[in-house]
Amino acid sequence: SLEQAAIELSLFLQSEQGNPVIPSQVRLPSTFLMPEHPYLNTRDSDIHRALSQRPEARRLILQSQQNNIELAWAKNQRMPGVDLQFAVSQDFGRILTSRPDLNKTALELSVMLEIPLQMRVMQGRVNAAYATATRLQHQQTFATQRIEADVYDAHSALNRSIERIEAANQEVKT
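### Examining the side chain of His 155
Item 1. Among the secondary structure elements, His 155 is positioned in helix H4 (residues 120-173).
Item 2. Look at His 155 and you get buried, because its relative accessible area is 6%.
Item 3. At 2.7 Å, the side chain of His 155 forms a polar contact with the side chain of Asp 46.

Structure below.
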């Protein structure tokens, strides 16, 4: 494999006349630089960081929050409504002898009670919100597992790269 890499390198390494030059082993460094291994024991923190920074996880959290608001609204719409109104009025202007009640201050208080009888629409919205919450939960679980798998895959690729560097070092030494 070292010879194959030297042949591949010869495409970019040329003599003054422009001909490819295959480098000899004399031109190779005695050892390859080994990368430091600070990331090898950070898989759990990398997973935590990826879960907090990946946009698909954030999108699902925001959709869940929006769905919770819609669910609360739909539940509220099924509840009886009570409206309380208070009004004060007084007529100004010329006093009419035929209407002596107009010169007095009038106070009005009203209570309106609304009880929804047909709740199929709101019950349907509540059921739809519950179904959406279940779907979002499954999507969030899958996204979390996908992100964890991506981090595991990245760590595996880093480990394989280190093994390739160590194998290349062994090949150069022999």
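Let us keep going from here.
### Quick look at the nonpolar core
Item 1. One finds Ile 47, Ala 50, Ala 57, Ile 147 and Val 151 forming the largest nonpolar core, which totals five residues.
Item 2. Those elements giving two or more residues to this core turn out to be helix H2 (43-53) and H4.
Item 3. When sequence neighbours within four positions are dropped, the list of residues in contact with Ile 47 reads Glu 148, Val 151 and Tyr 152.

### With respect to the pairing of strand E2 (residues 106-114)
Item 1. Where burial is concerned, little of E2 is hidden: zero out of the nine residues are buried.
Item 2. By the bridge criterion, nine bridges tie strand E1 (residues 81-89) to E2 in an arrangement that is antiparallel. Considered in E2, the bridge of Ala 87 is made with Glu 108.

### Describing the packing of H2 against H4
Item 1. Interaxial distance between H2 and H4 falls to 9 Å at its minimum, and their mutual angle equals 135 degrees. For the element pair H2 / H4, the angle class is oblique. Once H2 is placed against H4, the crossing between them reads as right-handed. Only Thr 144, Ile 147, Glu 148, Val 151, Tyr 152 and His 155 of H4 make contact with H2, whose side of the interface consists of Arg 43, Asp 46, Ile 47, Ala 50 and Leu 51.
Item 2. Class assignment of the residues belonging to the contact of H2 with H4 gives a composition of six nonpolar, two polar and three charged.

### Thoughts on the pattern of salt bridges
A side chain of one charge can pair with a side chain of the opposite charge if their charged atoms are brought near each other.
Item 1. In this structure the tally under the stated criterion is five salt bridges.
Item 2. When the shortest N-O distance is used, the salt bridge between Glu 56 and Arg 54 registers 2.7 Å.
Item 3. By relative accessible area, Glu 56 is classed as partly exposed at 23%.
Item 4. Measuring nitrogen to oxygen at the nearest pair gives 3.1 Å for the salt bridge that ties Arg 146 to Asp 150. Placement of the pair is Arg 146 and Asp 150 together in helix H4, with a separation of four residues, close to one helical turn.
Item 5. Salt bridges sharing partners connect three or more residues here, namely Arg 54, Glu 56, Arg 146 and Asp 150.

### Observations regarding H2
Item 1. Turning to H2, its buried residues are Asp 46, Ile 47 and Ala 50. For H2, the angular spread of the buried residues around the axis is 100 degrees, confining them to a single face. Of the residues in H2, the exposed ones pointing more than 90 degrees away from the buried face are Asp 44, His 48 and Ser 52.
Item 2. The inward-facing, buried residues of H2 abut H4.

Analysis parameters
Residues numbered from 1 in each chain as written. Predicted model: local features only at pLDDT ≥ 70, side-chain atom pairs only at ≥ 80, totals over all residues. Heavy atoms only, no water. Helix = DSSP H or I, 4+ residues; strand = E, 2+ residues; numbered from the N terminus. Buried < 20%, exposed > 50% of the residue type's maximum accessible area, 1.4 Å probe, protein only. Polar contact = N/O pair within 3.5 Å; in protein donor to acceptor, adjacent residues only side chain to side chain. Core = buried A, V, L, I, M, F, W, Y, C linked by side-chain atoms within 4.5 Å. Contact = heavy atoms within 4.5 Å. Pairing = 2+ DSSP bridges. Axes fitted to C-alpha atoms, helices over the stretch in contact; angles between N-to-C directions. Parallel < 35°, antiparallel > 145°, perpendicular 65-115°, else oblique. Left-handed = near helix turned anticlockwise from the far one by under 90°. Nonpolar A, V, L, I, M, F, W, Y, C, P; charged D, E, K, R; others polar. Salt bridge = Lys/Arg side-chain N within 4 Å of Asp/Glu carboxyl O. Arc of directions from axis to C-beta.

Function cannot be read off these values alone, since they describe shape.
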